[in-house]
Amino acid sequence: MAASENDFSRGSIARHIFGLALPMTVAQLINVLYSVVDRIYIGHLPHASAQALTGIGLCLPIITIISAFANLFGMGGAPLCSIARGGHEEKRAQNVMGNSFSMLIVSGAVLMMLCLIFKRPILYLFGASSDTFSYADQYITIYLIGTLFVMTSLGMNNFINAQGFGRMGMLTVLLGAVMNIILDPIFIFVFGLGVRGAAIATVISQGASAVWVLRFLTGKKALLRLTRESLKLNFALVKEITLLGTSGFVMSVTNGTVQIVCNAVLARHGGDLYVGIMTVINSVREIITMPVTGLTSGAQPVIGYNYGAGCYKRVKSAIKFMTAGCIIFSVVMWAVLFFEPRFFLHLFTQEQELIAKGIPAMRIYFCGIFMMSLQFAGQSTYVALNRPKQAVFFSLFRKVIIVVPLTLLLPMVGDLGTNGVFLAEPISNVIGGTASFATMLVTVWPALKGKKYQEKQG
């Protein structure tokens, strides 16, 4: 029954995408709460809120890089799993899932050890000062202990969604996020642990999510189960997973790189205050882009399944629906952010100087966000159709080739200063988004004119 219900080659494309996207969007929004709720509570600590918030912001690149490795093997394996399911290759799909899990554990262990050993020089490289280092050190030391929990819950949840269990995937992060929201004030304020308390609450919550994922993927309800046999590494399969996952990996790593460069340049031109403003901006961006990534993540299994089944007309319909939804939502959010930036700043701090200087910064940074939807749509199409080279190129193009150089150069143009850092983002959204989507239309669209098999009705 479950296999029949999760046959994406039948029925309404919009219904299938919404069926996955809505719970996945909720799940990703909730997932963001892990770190965002920490920042909200930390931003309201008495007497040291700005320094503590900046300290947490300095940890974001490390957290982003850990997430990048979860994306490398989780988002790399899940589309292959969907394509194999569409082609009725259940054994291959199961092996993809098992190999992805093994690589998540191995890479997670290595990351944890390296980051713990080199955390001091890393944090100073990322822009820490004598006032903010202690807060960053307290948070990241404890957070790194839970690295394997992050890798398991974030990486393997993709395989729950790839099997069509969007609601179950949502419950994975709902469990952890609710625990985090409850535990944060207890550890931070009741026990008086401050930044350490936020990290402890996060690790416990991520551990609960990881246990939930493993119980489902080894249980009877899963269409594809995680077995000991499937964990045995097949290096040809690992290579295929890694190639496809490189897009999401590069996207996350380049996000981390941009965060590092932005923090360093802002610290030089504006001091710790502007690093704090960028921390808030990054938090807001995580919140408002989650529905878009939820929609594209929900569309990927549908696109991949129909591509594997040879239903190319349905693939095109899914791409159209995904793109239209991304554009509409991002335009609405751009308008909200332009007219009400103060509301979002107040969520994280009550310090008037940070709010006053943060308002124009947010308006500049987010003014081209609606063009980012084209980047998401094009990128997700490449990944869903197993086109890793294009996906990787456009990840690098927007962040490394456009954003990083502009972040370094624009502050020195005229009197732009810190405004130059914030201006780099909308410029990259326009250029990168247009290039990614236009190339997808030229290279992918013509290849979907035919159909490998007879389209299914239903």
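About the criteria used
- Residues numbered from 1 in each chain as written.
- Predicted model: local features only at pLDDT ≥ 70, side-chain atom pairs only at ≥ 80, totals over all residues.
- Heavy atoms only, no water.
- Helix = DSSP H or I, 4+ residues; strand = E, 2+ residues; numbered from the N terminus.
- Expected span 1.5 Å × (residues − 1).
- Buried < 20%, exposed > 50% of the residue type's maximum accessible area, 1.4 Å probe, protein only.
- Axes fitted to C-alpha atoms, helices over the stretch in contact; angles between N-to-C directions.
- Parallel < 35°, antiparallel > 145°, perpendicular 65-115°, else oblique.
- Contact = heavy atoms within 4.5 Å.
- Nonpolar A, V, L, I, M, F, W, Y, C, P; charged D, E, K, R; others polar.
- Core = buried A, V, L, I, M, F, W, Y, C linked by side-chain atoms within 4.5 Å.
- Arc of directions from axis to C-beta.
- Phe/Tyr/Trp six-rings, centres within 6.5 Å; stacked < 30°, edge-to-face > 60°.
- Lys NZ or Arg CZ within 6 Å of the ring centre and 35° of its normal.
- Patch = residues over 30% accessible without salt bridge, like charges linked within 9 Å, V, L, I, M, F, W, Y side chains within 5 Å.
- Areas by Shrake-Rupley, 256 points an atom, 1.4 Å probe, with all protein chains shown as cover.
- Salt bridge = Lys/Arg side-chain N within 4 Å of Asp/Glu carboxyl O.
- Polar contact = N/O pair within 3.5 Å; in protein donor to acceptor, adjacent residues only side chain to side chain.
- Disulfide = S-S within 2.5 Å.
- pLDDT = per-residue confidence, 0-100.

Chemist: Go over helix H5 (residues 133–145), please, and point to the residues and values.
Modeler: Given a rise of 1.5 Å per residue, 13 residues ought to cover 18 Å, and the 19 Å separating the end C-alpha atoms of H5 matches this to within 8%. For H5, the set of buried residues is Phe133, Ala136, Gln138, Tyr139, Ile140, Ile142, Tyr143 and Leu144.

Chemist: Pulling in residues and values, what's your account of the packing of helix H10 (residues 235–269) against helix H15 (residues 369–384)?
Modeler: At their nearest, the axes of H10 and H15 sit 9 Å apart, and the two run at 150 degrees to each other. In terms of their interaxial angle, H10 and H15 are classed as roughly antiparallel. Here Leu244, Ser247 and Met251 of H10 lie close against H15, whose contacting residues are Gln375, Phe376, Gln379 and Val383. Looking at side-chain class alone, the contact of H10 with H15 contains four nonpolar, three polar and no charged residues.

Chemist: Tell me about the nonpolar core, and name the residues and values.
Modeler: Core analysis: the largest hydrophobic core is formed by 133 residues, its most contacted members being Tyr139, Met156, Ile281, Val284, Ile303, Phe366 and Phe422. Once residues lying within four places of it in the same chain are set aside, the contact partners of Tyr139 are Asp38, Ile56, Cys59, Ile63, Val195, Ala198, Ala199 and Thr202.

Chemist: I'd like a description of helix H13 (residues 341–348), backed by residues and values.
Modeler: Taken together, the buried positions of H13 are occupied by Pro341, Phe344, Leu345 and Phe348. Along the axis of H13, the buried residues cluster in a sector spanning 100 degrees; they form a single face.

Chemist: Residues and numbers for the packing of aromatic side chains, please.
Modeler: Within this structure, the stated rule accounts for 19 aromatic pairs. Seen in terms of ring centroids, Phe18 and Phe321 are 5.2 Å apart; in terms of plane orientation they differ by 85 degrees. Their pairing is edge-to-face. Highlighted residues: Phe18 in helix H2 (residues 13–42) and Phe321 in helix H12 (residues 312–339), separated in sequence by 303 residues. Relative accessible area serves as the criterion here: at 25%, Phe321 is assigned to the partly exposed category. Through a chain of ring-to-ring contacts, the aromatic side chains of Trp334, Phe338, Phe339 and Phe370 assemble into a single cluster. In this structure, Arg120 packs its charged tip against the face of Phe133, placed 4.7 Å from the ring centre. Of note, Arg363 hangs over the ring of Phe338, and the distance from its end group to the ring centre comes to 5.4 Å.

Chemist: Provide a residue-level description of a nonpolar patch on the surface, including the pertinent values.
Modeler: Taken together, the side chains of Val106, Val110, Met113, Leu114, Ile117 and Phe118 define a hydrophobic patch exposed on the protein surface, amounting to about 570 Å² of accessible area. Its place among the elements puts Val106 in helix H4 (residues 90–125).

Chemist: Kindly report on the pattern of salt bridges, identifying the contributing residues and their values.
Modeler: Counting across every chain of the model gives seven salt bridges. The salt bridge partner of Arg92 is Glu240, with a shortest N-O separation of 2.8 Å. Taken together, the residues Arg92 in helix H4 and Glu240 in helix H10 connect sequence positions 148 residues apart. Among the residues examined, Arg92 registers a relative accessible area of 27% and is labelled partly exposed. Among the ionic pairs, Lys119 bridges to Asp137, the shortest N-O distance being 3.2 Å.

Chemist: I'd like to hear about the packing of H10 against helix H17 (residues 418–443), residue by residue, with values.
Modeler: Across the interface, H10 lies against H17 with an axial gap of 9 Å and an inter-helix angle of 155 degrees. By the angle class used here, H10 and H17 are roughly antiparallel. Packed against H10, whose contacting residues are Cys262, Val265, Leu266 and His269, the element H17 presents Thr418, Val421 and Phe422 at the interface. Its residues placed into classes, the contact of H10 with H17 shows five nonpolar, two polar and no charged.

Chemist: Go over the side chain of Ser380, please, and point to the residues and values.
Modeler: Mapped onto the elements, Ser380 comes out in helix H15. Here Phe376 takes part through its backbone oxygen, which lies 2.9 Å from a polar atom of the side chain of Ser380. Residues contacting Ser380, with those up to four places away along its chain left out, are Thr296, Gln300 and Met322.

Chemist: Report on the state of the cysteines, specifying residues and quantitative values.
Modeler: In protein chemistry, a disulfide is the covalent bond that joins the sulfur atoms of two cysteines. Counted under the stated rule, the structure contains zero disulfides. Left unpaired, Cys81 is separated from the closest cysteine sulfur, that of Cys311, by 18 Å. Classification of Cys81 as buried rests on a relative accessible area of 0%.

Chemist: Could you give me a rundown of the side chain of Ser373, with the residues and numbers involved?
Modeler: Mapped onto the elements, Ser373 comes out in helix H15. A polar contact of 2.6 Å, which involves the side chain of Ser373, links it to the backbone oxygen of Phe370. Residues contacting Ser373, with those up to four places away along its chain left out, are Cys326, Ile327 and Ser330.

Chemist: Explain the environment of Ser395 residue by residue, including any values.
Modeler: The topology assignment puts Ser395 in helix H16 (residues 388–409). On the accessibility criterion, Ser395 (3% relative accessible area) is buried. Distance from Ser395 to Asn306, taken between C-alpha atoms, is 25 Å for residues 89 residues apart in sequence. In this structure, Ser395 is in contact with Ser247, Val250, Met251, Thr254, Gln375 and Gln379, ignoring residues within four places of it in sequence.

Chemist: Before we move on, can you summarise the environment of Gln94 with the specific residues and values?
Modeler: Mapped onto the elements, Gln94 comes out in helix H4. Apart from the residues lying within four places of it in its own chain, the contact partners of Gln94 are Leu224, Arg225, Thr227 and Ser230.

Chemist: How would you explain unusual backbone geometry if you had to name every residue and give the values?
Modeler: The backbone of His88 sits at a positive phi, close to 60 degrees, despite the residue not being glycine. You can see His88 is positioned in the loop between helix H3 (49–86) and H4. According to the relative accessible area criterion, His88 is exposed, its value standing at 52%. The residue Asn386 is not glycine, and still its phi comes out positive at about 60 degrees. Structurally, Asn386 is set in the loop between H15 and H16. Residue Asn386 is classed as partly exposed on the basis of its relative accessible area, which comes to 31%.

Chemist: Tell me what's going on with the confidence of the model for the protein, and back it up with residues and numbers.
Modeler: In the predicted model, the protein carries a mean pLDDT of 88, and the fraction of residues at 70 or more is 95%. When the criterion is pLDDT under 50, residues 453–458 qualifies, and its contacts beyond four places in sequence or with other chains add up to 13 contacts.

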